[in-house]
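The chain contents come next:
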Amino acid sequence: MSTTLIEKVPTIKTLNNIATSGLDVFKQNYNIDENSENPDAIVVRSFNMHDMELGDNVKAIARAGAGVNNIPIKKCTEQGVVVFNTPGANANAVKEIVLTSLMASSRNLFAGAAWARTLEGQGDQIGKLVEAGKKNFVGSEIKGKTLGVIGLGAIGALVANDALDLGMDVIGFDPFISVDTAWNLSRNVQRANSIEELYAVSDYITVHVPLTDDTIGMFNEETFKLMKPGVQLFNFSRGGLVNEEDIAIALDSGKVGKFITDFPTENVLKMKNAVAFPHLGASTKESEENCAIMAARQVKQFLETGNIKNSVNFPNANLPYTGKKRVAAFHKNVPNMVGQISSAISDFNLNIADMVNRSRGEYAYTMVDIENDVNGDIIPSLEEKINQINGMITTRII
Ligand SMILES: NC(=O)c1ccc[n+]([C@@H]2O[C@H](COP(=O)([O-])OP(=O)(O)OC[C@H]3O[C@@H](n4cnc5c(N)ncnc54)[C@H](O)[C@@H]3O)[C@@H](O)[C@H]2O)c1
Ligand SMILES: O=C(O)[C@H](O)COP(=O)(O)O
């Protein structure tokens, strides 16, 4: 696989609309081409990449957003393609839509507004009809009610903290909470020791976990049984978290009072007391810009220096870039890789100035800076030699 930036202008492929301010990061020395079949890197939002061929030149994929279930992570890792996302960059947008929906749903605003539209054509009678009909839309105040927040990451923590400020009692559940988020979470958020504890006390439940093999269908017949009758469920995470057949039954019976989701499907659109938005959670100007800029900067930094920040499949690694030649190698996390890379470099009579080696599960990443000026002619042979090491996935010399 060929690689260095001096050889050619790198191409960035975009899937979905990416905010211009993000693409501006690539203004100099890059080529942006949405039709490229074999780019150096791809910037994507929700486009489903699972059935897409990845060209052998692709080195990085940046998800301008949080959820990466649309990207074939395993395949990327096996090919040494780094996948990035933009943690927290759209969290405020989602927090605001969740709290807006929470209040709007609790006050029956969606149903009330839809009914008001049916009065069109009633002329002078509208005032009278409104006063007679409003009793059907009496809502509840959220103050003093309990909100259960499942997943206390970037979004969940913001929702939990601000719901407290709105006068709600908040209980949170996240068995994998990060130290950073724990620091940001108000101490007034109660900690549920089990998800069952949260289900038992919550009047409203909002979910902020990724869609994975472990979370798919986590809201189902069994879990609805553990919730308070009439609970209102908010899903701004991913449609697959909720079993559609089971929620339809729970809504019919009133076990679940309302279901607000950002993920419409044919089934959801037919459900009683369900409100669906067209995946609007992160659709604000601010959030689209934040995500695009962060994604673009991470890709640019990686292509130009090999440094990795916010990858979801390879370890983060940072070595100050001096401008001298750098070997950047993705490999299996097995013994003696660093030794073999070092000895391949010394076979070319080159000295090592600095290095970093980081691992993540079965995979690892090593960057080695070379002290000497490297003659461009030997780069392909050095690259080839390192790529021949057993357990090596791919190497670049930058
Ligand atoms: N509707 C939208 O437009 C929109 C926008 C942004 C994010 N999202 C979705 O929201 C999800 C969360 O986003 P985020 O930025 O908060 O991500 P995040 O990674 O910051 O937080 C996710 C949290 O979920 C926790 N978690 C994982 N599995 C769990 C489980 N089984 N039970 C409880 N907690 C669990 C993790 O420990 C983590 O703290 C994303 O994965 C994405 O699918 C949707
Ligand atoms: O996971 C995310 O970040 C959201 O679902 C946003 O998706 P979008 O970028 O397609 O709006």
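Residues numbered from 1 in each chain as written. Chains lettered and ligands numbered in written order. Predicted model: local features only at pLDDT ≥ 70, side-chain atom pairs only at ≥ 80, totals over all residues.

1. Let's talk about the pairing of strand E1 (residues 11-14)
Filter applied, for reference: Burial is judged by counting the other C-beta atoms within 10 Å of a residue's own C-beta: 20 or more makes it buried, 12 or fewer makes it exposed, and any count in between marks it as partly exposed, with every C-beta position built from the backbone. By definition, any uninterrupted DSSP run of H or I lasting at least four residues is a helix, any uninterrupted run of E lasting at least two residues is a strand, and each is numbered from the N terminus. Following DSSP output, two strands are said to pair if at least two bridges run between them.
The alternating pattern of E1 places Thr 11 and Lys 13 on one face and Ile 12 and Thr 14 on the opposite face, and all of these are buried. As paired strands, E1 and strand E2 (residues 31-32) are joined by two bridges and run parallel to one another. Among the inter-strand pairings, Thr 11 is bridged to a residue of E2, identified as Asn 31. Direction of pairing for E1 relative to strand E3 (residues 41-44): parallel, over a ladder of three bridges. Within the sheet, the bridge partner assigned to Thr 14 lies in E3 and is Val 43.

2. Notes on the sheet that holds strand E4 (residues 60-63)
Rule in force here: In this description, any two residues whose backbone-derived C-beta atoms lie within 7 Å of each other are considered to be in contact. Fitted lines through C-alpha atoms give the axes, limited to the stretch in contact for helices. The angle between two N-to-C directions lies from 0 to 180 degrees.
In spatial order, the strands read E2-E1-E3-E4-E5; together these five strands make up an open sheet with parallel pairing. Where the open sheet ends on each side, the last strands, each with one partner, are E2 and strand E5 (82-84). In this fold helix H12 (residues 285-305) packs onto E3, E4 and E5, with an angle of close to 165° to the strand it touches most, E4.

3. Structural notes on the site of ligand 1
Where we set the bar: Nearness rests on one distance test: the residue's C-beta atom, set from the backbone, must lie within 6 Å of the molecule or strand. Only Asp, Glu, Lys and Arg are considered charged in this grouping, and only Ala, Val, Leu, Ile, Met, Phe, Trp, Tyr, Cys and Pro are considered nonpolar; every other residue, Gly among them, is considered polar.
Inspection of the region around ligand 1 gives 34 residues, with Gly 67, Gly 151, Gly 153, Phe 176 and Gly 281 positioned closest. Mapped onto the shell around ligand 1, the elements with two or more residues apiece are helix H3 (91-106) and helix H6 (154-165). For the shell around ligand 1, the element with the highest residue contribution is H6, accounting for three residues. Among the residues forming the shell around ligand 1, the class breakdown is 17 nonpolar, 13 polar and four charged.

4. Some words on the domain arrangement of the chain
As a reminder of what qualifies: The source of the domain bounds is an automatic or database domain assignment.
Segmentation of the chain into domains returns domain 1 (1-90 + 283-314), domain 2 (91-276) and domain 3 (317-398). A straight line from the C-alpha centre of domain 1 to that of domain 2 covers 33 Å. With eight residues of domain 1 at the contact, the number on the domain 2 side is eight residues. Split into classes, the residues belonging to the side of domain 1 that touches domain 2 amount to one nonpolar, six polar and one charged.

5. Considerations on the sheet that holds strand E9 (residues 204-207)
With parallel pairing, the seven strands of this open sheet are ordered in space as E8-E7-E6-E9-E10-E11-E12. The sheet is open, and its two edges are formed by strand E8 (190-191) and strand E12 (274-276), each paired on a single side. One ladder, built from four bridges, connects E9 with strand E10 (residues 231-235); its direction is parallel. Bridging across to E10, Ile 205 finds its partner in Leu 233. Strand contacts of H3: E9, E10, strand E11 (256-261) and E12, with the helix running at about 150° to E10, the strand carrying the most contacts. Of the strands in this sheet, E11 and E12 are in contact with helix H10 (residues 244-253), which crosses E11 at around 135°.

6. Some points on the pairing of E4
Formally: With its strands directed away from the observer, a crossover is right-handed exactly when the path from the first strand over the helix to the second travels clockwise.
Across the two faces of E4 the burial is the same, with Ala 60 and Ala 62 and Ile 61 and Arg 63 all buried. Alignment of E3 against E4, held across four bridges, turns out to be parallel. By the bridge assignment for E4, Val 43 is matched with Ala 62. Sheet analysis places E4 next to E5, joined by three bridges and oriented parallel. Across the sheet, residue Ala 60 finds its bridge partner in E5, namely Val 82. Handedness of the E4-helix H2 (residues 73-78)-E5 crossover: right-handed.

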